[in-house]
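Results of the structural survey
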Amino acid sequence: MKVGVPTEIKTDEYRVALTPAGVRELVDRGHDVVVESGAGEGSGLPDETYVAQGARIAPDADAVFAEAELIVKVKEPQAVEVGRLEPRHTLFTYLHLAPDPELTHGLMESGATCIAYETVEDDRGRLPLLAPMSEVAGKIATQAGAFILEKPLGGRGILLGGVPGVPAAKVKIIGGGVVGMNAAFIAIGMEADVTVFDRNIDRLRELDVALGGRADTCFSTTLTIEEHLAEADLVIGAVLVHGARAPRVVTRDQLSLMKRHAVLVDVSIDQGGCFETSRPTTHSDPTYQVDGITHYCVTNMPGAVPVTSTYALTNATMPYVLRLAADGVQRTLQGEPGFMHGLNVAAGQVTYEPIARDQGLEFVPPREALAAVAAR
Ligand SMILES: NC(=O)c1ccc[n+]([C@@H]2O[C@H](COP(=O)([O-])OP(=O)(O)OC[C@H]3O[C@@H](n4cnc5c(N)ncnc54)[C@H](O)[C@@H]3O)[C@@H](O)[C@H]2O)c1
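Nothing here was measured: the structure is a model prediction, and the numbers come from that model.

Some details on the site of the ligand
The environment of the ligand is formed by 28 residues, the closest being Ser134, Val179, Asp198, Asp270 and Met301. One nitrogen or oxygen atom from the main chain of Val267 is found 3.1 Å from a nitrogen atom belonging to the ligand. Within the complex, 90% of the 870 Å² of free accessible area of the ligand lies under protein. Only α6 (131-148) and α7 (178-189) provide two or more residues apiece to the shell around the ligand. For the shell around the ligand, the element with the highest residue contribution is α6, accounting for three residues.

Right, dumping it as structure tokens:
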């Protein structure tokens with residue numbers, strides 16, 4: 001298999017989809033790996049480190065897409081990258097299609113077979129390729145929130161952990177999955193007063209154990225969230241319904257319940273955002289204000305710490321890349337139901353039901369679409 005690794009071109013994105021260790025694993029199994037020059041630079045991985053493990057370096061992205069059959073990336077393809085995709089390509093990357101009809105249509109028109117990291121499931125229904133980046137994003141969410149609460153940055157001017165004689169800040173985390181739990185770990189470590197909300201009672205039980213009673217858990221309803229908003233200093237949005245547009249958990253009207261210059265961090269922004277007033281931002285310009293509330297809505301939070309994130313991501317993705325390279329997309333996905341869940345677009349059709357539902361498109365079962373790919 002010819003595997004291609006282009007340089008990430010999303011704003012402030014420094015991760016890379018394959019490390020030299022991944023190149024070595026592929027090359028040792030007889031595959032051919034072509035890496036765009038400079039692709040690893042942002043993660044401290046110069047071209048020579050790839051060459052030393054058997055990769056070839058291509059001068060630009062056009063050359064990578066022209067040569068490779070399997071394209072591995074980190075973030076969703078940008079418009080110019082979508083233009084390079086052809087029916088012979090398999091694309092393996094984060095896609096987050098539910099809130100993005102333009103990208104969905106672009107991928108459908110490309111004819112490529114597109115597998116999304118974030119909807120691949122393991123045999124317990126968990127999301128093994130989203131989890132490592134959710135761990136990073138959860139930790140950053142609290143760090144970023146603590147920083148933005150400082151007065152010179154437009155925050156309320158409250159220290160997350162307080163000091164003896166002065167109470168800690170109140171942190172409300174809505175969604176207690178991987179992001180939420182990691183945000184809570186850091187907030188607890190910073191000695192904040194933490195409450196985690198979720199709709200899944202079993203998850204709340206798990207969190208109660210994992211957090212060792214050092215945070216409150218709360219069943220998430222409109223009323224419980226409203227009651228807590230009034231006292232919140234930092235609210236972290238971390239909800240997810242697999243593959244679907246994020247549910248709205250705070251409306252614009254509810255911002256009026258909050259203290260001025262409190263902070264909202266919307267980690268779910270990559271799935272469209274879970275606060276009504278959220279819109280995507282970048283690391284270069286991460287925040288904006290609505291009704292006196294600071295919003296932080298960076299869509300690629302782990303991109304800020306590529307030296308950690310690239311390894312965390314590729315540790316999880318590499319075994320999947322190896323299986324795709326070994327057996328091809330048809331055999332691999334047909335043999336692994338959890339991996340098949342990753343298929344979002346194939347043969348010009350949407351093959352993941354929540355995306356089709358959110359966008360009013362026809363859903364074509366993945367096996368049917370793969371058969372159409374094979375018949376081409
Ligand atoms: N912005 C970024 O850079 C970035 C990075 C990584 C992950 N993410 C996103 O963070 C979000 C959370 O990811 P995760 O891995 O923690 O998902 P997860 O599936 O582990 O957890 C999501 C949790 O949300 C809960 N939930 C769903 N609807 C809810 C509601 N209405 N109220 C309260 N809880 C609700 C679920 O029960 C679940 O426990 C996803 O949208 C993911 O794509 C963003």
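A look at unusual backbone geometry
Even without being a glycine, Glu191 presents a positive backbone phi close to 70 degrees. Along the chain, Glu191 falls in the loop between α7 and β8 (193-198). The exposure class of Glu191 is exposed, given its relative accessible area of 55%. One non-glycine residue with positive phi stands out, namely His261, at about 65 degrees. Its place among the elements puts His261 in the loop between α10 (252-255) and β11 (263-266). With a relative accessible area of 24%, His261 lands in the partly exposed category.

What about the sheet that holds strand β12 (residues 287-290)?
Reading across the sheet, the seven strands line up as β9-β8-β7-β10-β11-β13-β12 and stay open at both edges, with mixed pairing between neighbours. Edge strands, defined here as strands with exactly one partner in the open sheet, are β9 (216-219) and β12. When the angles between neighbouring strand axes are averaged without regard to direction, this sheet yields 20 degrees. On the sheet, helix α8 (residues 201-210) packs against β8 and β9 and is oriented at approximately 175 degrees with respect to β9.

Calculation notes
Residues numbered from 1 in each chain as written. Predicted model: local features only at pLDDT ≥ 70, side-chain atom pairs only at ≥ 80, totals over all residues. Heavy atoms only, no water. Near = heavy atom within 4 Å. Polar contact = N/O pair within 3.5 Å; in protein donor to acceptor, adjacent residues only side chain to side chain. Areas by Shrake-Rupley, 256 points an atom, 1.4 Å probe, with all protein chains shown as cover. Helix = DSSP H or I, 4+ residues; strand = E, 2+ residues; numbered from the N terminus. Buried < 20%, exposed > 50% of the residue type's maximum accessible area, 1.4 Å probe, protein only. Pairing = 2+ DSSP bridges. Axes fitted to C-alpha atoms, helices over the stretch in contact; angles between N-to-C directions. Contact = heavy atoms within 4.5 Å.

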